[in-house]
Amino acid sequence: MEKMRAMVLSECAKVETNPLKLTTIDRHEIKRPNEILLKIEACGVCHSQLHGIEGDWQDIGIPPSLPTVPGHEVVGKIIEIGTAVTKFKVGDMAGITPLLEACQKCPYCLDGKEYLCESSIITGESFKGGYAEFITVHENFATLVPHTMKAEYAAPLFCAGITAYKAVKAAEPKQHKKIGIFGIGGVGHMAVQFAKVENCDVIAFSRTQNHLDVAKRLGADDAIKFLENQEEFLDILKEKHGLLDAAIVFAPADIVTDTAIKSVKKGGLIVIATVGENPSFLAFEEKTIRGTLIGSTADMEQVIKICNEKNIEVITQTFPLENANDALKKLKNSEIEARAVLIP
Ligand SMILES: [Zn+2]
Ligand SMILES: [Zn+2]
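As the structure is a prediction and not an experimental result, all values here were calculated from the model.

1. Comments concerning the coordination of the zinc ion (ligand 2)
Four donors placed tetrahedrally around a metal ideally meet at 109.5 degrees, and six donors placed octahedrally ideally meet at 90 or 180 degrees. Only C103 (SG), C106 (SG), C109 (SG) and C117 (SG) from the protein reach the zinc ion (ligand 2) as donors, at distances of 2.3 to 2.4 Å. Written as a sequence motif, the donor arrangement for the zinc ion (ligand 2) is C-x2-C-x2-C-x7-C.

Put into structure tokens, the structure is as follows:
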């Protein structure tokens, strides 16, 4: 059996203790006729991995078993294809989202919402994750990446990018719709750009000046510092722009969600793309709260197309695969401008 290097998590622990260990494990091999084998060229470091690795989400079954190899924003070169593969050929570049596979026959899958499938397999929650040198995937859950895209650019599109795209779509964008984006990190900085592609008026909110500057540079019409003092924050927003038509929340903090709901005018829409408690909600204001989760393979193809055509900027910082613990520590300490990417 061929071998590969991987950053293996055997026990959940704080990232300061370097819980990921560089280990030589069996290389994945094509086992079914519809699978492709990727030699991984880049894998993004998602904020959700911090929680998974540190054990914050063990009570909701993440990771489902140990040991595991994290990583779910994977781009690589196809080096082998199964006998029934029709979508790809050897030499193509392809990427994988957190949705490694779904059943392809339940009502969600048949409706094109395979990411809601009850029997899905999540990339990086089993032994198949992107913090490694190779991975296999069913061809229906991989997306072609043009050779003009660098792997470290494309990798973050496969979770951060598709999350940002789907959240903007969920906000029902149209010309001059006033959309507020709460949280400008790895996901939010792309959402600003997707909303500008739709000609929305975009206002970015963040606690850090650095992220506000990034949002402005990427086309946000305004960028306002998020304040814990909700009344003061809302007064500033109302004075400068009035209430929003829609808000998108990427920052996983209940105060942010609560403030986002209050920032939207009556009848408006709030899209929540993160986890958190249900905030207080007044039915008589006729607001709509909508959740969103990654997206389908068809959505992913749209993300690649838009990013290619519109030159969407993806801010990355690369690390060698074996430095995954350092990347996670930097992410935890807010020292990553947007997205850390591991290069095997
Ligand atoms: Zn992710
Ligand atoms: Zn299904």
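Now that the structure has been shown, the text picks up again.
2. Focus: the domain arrangement of the chain
Bring the parts together and some accessible area is lost; that lost area is often taken as the interface size. In terms of domains, the chain is made up of domain 1 (3-159 + 295-343) and domain 2 (162-291). Look at where the C-alpha atoms of domain 1 and domain 2 centre, and you get two points 27 Å apart. Each partner contributes to the interface: domain 1 provides 23 residues, whereas domain 2 provides 17 residues. The junction of domain 1 with domain 2 conceals about 1,700 Å² of combined surface from both sides, 65% of it contributed by carbon and sulfur atoms. Among the residues of domain 1 in contact with domain 2, I312, E313 and E337 are the three that bury the most area, contributing 28% of the side total. At the boundary of domain 1 with domain 2, the tally comes to 1 salt bridge. Across the domain 1-domain 2 interface, the total number found is 8 residue pairs in polar contact (both at pLDDT 80 or more). Tallying contributions element by element places helix α9 (residues 297-310) first for the side of domain 1 that touches domain 2, with 7 residues. Grouping the constituent residues of the side of domain 1 that touches domain 2 by class yields 15 nonpolar, 3 polar and 5 charged.

3. Some details on the sheet that holds strand β14 (residues 264-272)
The strand order across the open sheet built from 6 strands is β12-β11-β10-β13-β14-β15, with neighbouring strands paired in parallel fashion. The open sheet has two free edges, formed respectively by β12 (222-225) and β15 (288-291), since each of these has just one partner strand. The average undirected angle you get between the axes of adjacent strands in this sheet is 20°. The pairing of strand β11 (residues 201-206) with β12 spans 4 bridges and is classified as parallel. Bridging from a neighbouring strand, I203 pairs with D222 of β12. Strands β11 and β12 of the sheet are contacted by helix α6 (residues 209-217), whose axis makes an angle of about 170° with β12. With respect to the sheet, helix α8 (residues 254-263) is in contact with β10 (178-182), β13 (244-249), β14 and β15, its orientation differing from that of β14 by roughly 145°.

4. Some words on helix α4 (residues 160-170)
α4 sits mainly inside the fold: 10 of its 11 residues count as buried. By the burial criterion, the buried members of α4 are A160, G161, I162, T163, A164, Y165, K166, A167, V168 and A170. With its phi angle positive at about 50°, E172 sits one or two positions after the end of α4.

5. Quick word on a negative patch on the surface
Together, E231, E232, D235 and E239 make up a negatively charged patch on the protein surface. As for its placement among the helices and strands, D235 is situated in helix α7 (residues 230-240).

6. With respect to the pairing of β10
Across the 5 residues that make up β10, a large majority, 5, are buried. Of the two faces of β10, the one lined by K178, G180 and F182 and the one lined by I179 and I181 are each fully buried. Strand direction decides the pairing type here: β10 and β11, joined by 5 bridges, are parallel. Bridge pairing links K178 to D201 in β11.

7. Details of helix α5 (residues 188-197)
In terms of burial, α5 is largely enclosed, as 8 of its 10 residues are buried. Listed as buried for α5 are G188, H189, M190, A191, V192, Q193, F194 and A195. Contacts made by the buried residues of α5 are with α4, β10, β11, α6 and α9. Looking one or two residues past α5, N199 carries a phi angle of roughly 65°, positive in sign.

8. Some thoughts on the nonpolar core
With 99 residues, the main nonpolar core has I36, Y131, L157, I181, F194 and I248 as its most contacted residues. Residue-level mapping places this core at the junction of two domains, with at least three residues from each of domain 1 (3-159 + 295-343) and domain 2 (162-291). Those residues in contact with I36, other than ones at most four positions away along the chain, are I30, I78, E80, I81, V85, F88, A94, I135, T136, V137, E139 and A142. Formed by 19 residues, the second largest nonpolar core is a distinct cluster that contains I224, L237, A251 and I261.

9. What to know about the environment of D258
As for its placement among the helices and strands, D258 is situated in helix α8. Among the residues examined, D258 registers a relative accessible area of 15% and is labelled buried. Between the alpha carbons of D258 and Q230 there is a distance of 9.1 Å; along the sequence they are 28 residues apart. If sequence neighbours within four positions are ignored, D258 has contacts with Q230, P279 and S280. Of the polar contacts made by the side chain of D258, one reaches the side chain of K262; its length is 2.7 Å.

Rules used in this analysis
- Residues numbered from 1 in each chain as written.
- Chains lettered and ligands numbered in written order.
- Predicted model: local features only at pLDDT ≥ 70, side-chain atom pairs only at ≥ 80, totals over all residues.
- Heavy atoms only, no water.
- Donors = N, O, S within 2.8 Å, 3.2 Å for Na, K, Ca; no water.
- Domains from an automatic or database assignment.
- Contact = heavy atoms within 4.5 Å.
- Buried area = accessible area lost by both parts, 1.4 Å probe.
- Salt bridge = Lys/Arg side-chain N within 4 Å of Asp/Glu carboxyl O.
- Polar contact = N/O pair within 3.5 Å; in protein donor to acceptor, adjacent residues only side chain to side chain.
- Helix = DSSP H or I, 4+ residues; strand = E, 2+ residues; numbered from the N terminus.
- Nonpolar A, V, L, I, M, F, W, Y, C, P; charged D, E, K, R; others polar.
- Pairing = 2+ DSSP bridges.
- Axes fitted to C-alpha atoms, helices over the stretch in contact; angles between N-to-C directions.
- Buried < 20%, exposed > 50% of the residue type's maximum accessible area, 1.4 Å probe, protein only.
- Patch = residues over 30% accessible without salt bridge, like charges linked within 9 Å, V, L, I, M, F, W, Y side chains within 5 Å.
- Areas by Shrake-Rupley, 256 points an atom, 1.4 Å probe, with all protein chains shown as cover.
- Lys, Arg positive; Asp, Glu negative; His and termini not counted.
- Charge placed at Lys NZ, Arg CZ, Asp CG, Glu CD.
- Core = buried A, V, L, I, M, F, W, Y, C linked by side-chain atoms within 4.5 Å.

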